[in-house]
Amino acid sequence: MSDVTATSGNRRVFVDKQSPKAYHALVQTSEAVRATAADAGLDRVLVELINLRVSQLNGCAYCLDVHTRAALRAGESTQRLGVLAAWRDTEVFTPRERAALALAEATTDPANAAAQEAAYGAAREVFGDDEISAVIWVAITINAFNRVSILSRHPVRRAPGASASGR
């Protein structure tokens, strides 16, 4: 029996539950990437900013919910989370964060060669090879999870104790 969700008359397969071996491999990859990021010196807040920005670009509500909570637990501020979608137009992100966000965006949209070259150049100014590799792997991994959740239509449920207005 498969795990599905009904959406607009279409039954969506929860691909993570339908193919648990493949999903488990993705989770293992994510764990290896988390260790790679830590070994490269990327802090948890930066990793969560990457996860959130990629999830914003992909429109993954489920991952946005999960990684917003993770970013807050890691010490990220609500101000910075609120302006993340417009990070280029703010002064609240460090040069390293800005370079990582640009590289994550270029990883998410690899067809934009000009943006990719500019992002890579900016990353080269503030990151070493291990850090660049880790940023790219974080972005690759969250892109994969975004696709699992978007195509499965994983639901975002109201947090316990939250009102309909979210307060």
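See the structure printed just above.
No experiment lies behind these values; they were computed from the predicted model shown.

### Here's the deal with the overall build of the chain
And step 1. Tallying secondary structure elements over the chain gives eight helices and two strands in all.
And step 2. Sequence-ordered secondary structure for the chain, helices as α and strands as β, is β-β-α-α-α-α-α-α-α-α.
And step 3. Computed over its C-alpha atoms, the radius of gyration of the chain comes to 17 Å, within 12% of the 15 Å expected for a compact globule of 167 residues.
And step 4. Going through the 167 residues of the chain one by one, you find that 38% of them count as buried.
And step 5. For the chain, the share of sequence-separated contacts (at least 6 apart) that also reach a separation of at least 24 residues comes to 64%.
And step 6. If you sum the accessible surface of the chain, you get close to 9500 Å²; carbon and sulfur atoms cover 53% of it.
And step 7. Of the charged side chains in the chain, 19 are positive and 18 negative; the average position of the first set lies 11 Å away from that of the second.

### Digging into the nonpolar core
And step 1. Within the largest apolar cluster, 37 residues are counted, with the highest numbers of intra-cluster contacts made by Leu42, Ile50, Leu84, Phe127 and Val135.
And step 2. Residue assignment for this core shows that the elements contributing at least two residues are helix H2 (20-40), helix H3 (44-58), helix H4 (61-73), helix H6 (95-108), helix H7 (113-126) and helix H8 (129-152).
And step 3. Beyond its immediate chain neighbours, meaning those up to four positions away, Val135 contacts Leu42, Ile50, Ala100, Leu103, Ala104 and Phe127.

### Examining the pattern of salt bridges
And step 1. Within this structure, the stated rule accounts for eight salt bridges.
And step 2. Here Arg69 makes a salt bridge to Asp65, at a shortest N to O gap of 3.0 Å. With Arg69 and Asp65 both in helix H4 and four residues apart, the pair spans about one turn of that helix.
And step 3. Judged by relative accessible area, Arg69 falls into the partly exposed class, the value being 40%.
And step 4. For Asp65, a relative accessible area of 25% translates into the label partly exposed.
And step 5. One salt bridge in this structure joins Arg80 and Glu76, with 2.7 Å as the shortest N-O distance.
And step 6. Because the salt bridges share partners, they merge into one network encompassing Arg53, Arg88 and Glu105.

### As for the packing of aromatic side chains
And step 1. Tallied over the entire structure, the rule returns one aromatic pair.
And step 2. Judged by centre distance (6.0 Å) and plane angle (85°), the rings of Tyr23 and Phe145 are edge-to-face. Residue Tyr23 is located in helix H2, and its partner Phe145 is located in helix H8; the two are separated by 122 residues in the primary sequence.
And step 3. Assessed through its relative accessible area of 28%, Tyr23 is described here as partly exposed.
And step 4. For Phe145, a relative accessible area of 14% translates into the label buried.

### Some thoughts on the side chain of Asp16
And step 1. Summarising the element assignment, Asp16 is placed in helix H1 (residues 15-18).
And step 2. This buried residue, Asp16, is left without a salt bridge; Lys17 holds the nearest opposite charge, at 4.1 Å.
And step 3. Here the side chain of Asp16 touches His154 through a polar contact of 3.0 Å, side chain to side chain.
And step 4. Once residues lying within four places of it in the same chain are set aside, the contact partners of Asp16 are Tyr23, Val148, Ser152 and His154.

Procedures and definitions
- Residues numbered from 1 in each chain as written.
- Predicted model: local features only at pLDDT ≥ 70, side-chain atom pairs only at ≥ 80, totals over all residues.
- Heavy atoms only, no water.
- Helix = DSSP H or I, 4+ residues; strand = E, 2+ residues; numbered from the N terminus.
- Rg over C-alpha atoms; globule rule 2.2 N^0.38 Å.
- Buried < 20%, exposed > 50% of the residue type's maximum accessible area, 1.4 Å probe, protein only.
- Contact = heavy atoms within 4.5 Å.
- Areas by Shrake-Rupley, 256 points an atom, 1.4 Å probe, with all protein chains shown as cover.
- Lys, Arg positive; Asp, Glu negative; His and termini not counted.
- Charge placed at Lys NZ, Arg CZ, Asp CG, Glu CD.
- Core = buried A, V, L, I, M, F, W, Y, C linked by side-chain atoms within 4.5 Å.
- Salt bridge = Lys/Arg side-chain N within 4 Å of Asp/Glu carboxyl O.
- Phe/Tyr/Trp six-rings, centres within 6.5 Å; stacked < 30°, edge-to-face > 60°.
- Polar contact = N/O pair within 3.5 Å; in protein donor to acceptor, adjacent residues only side chain to side chain.

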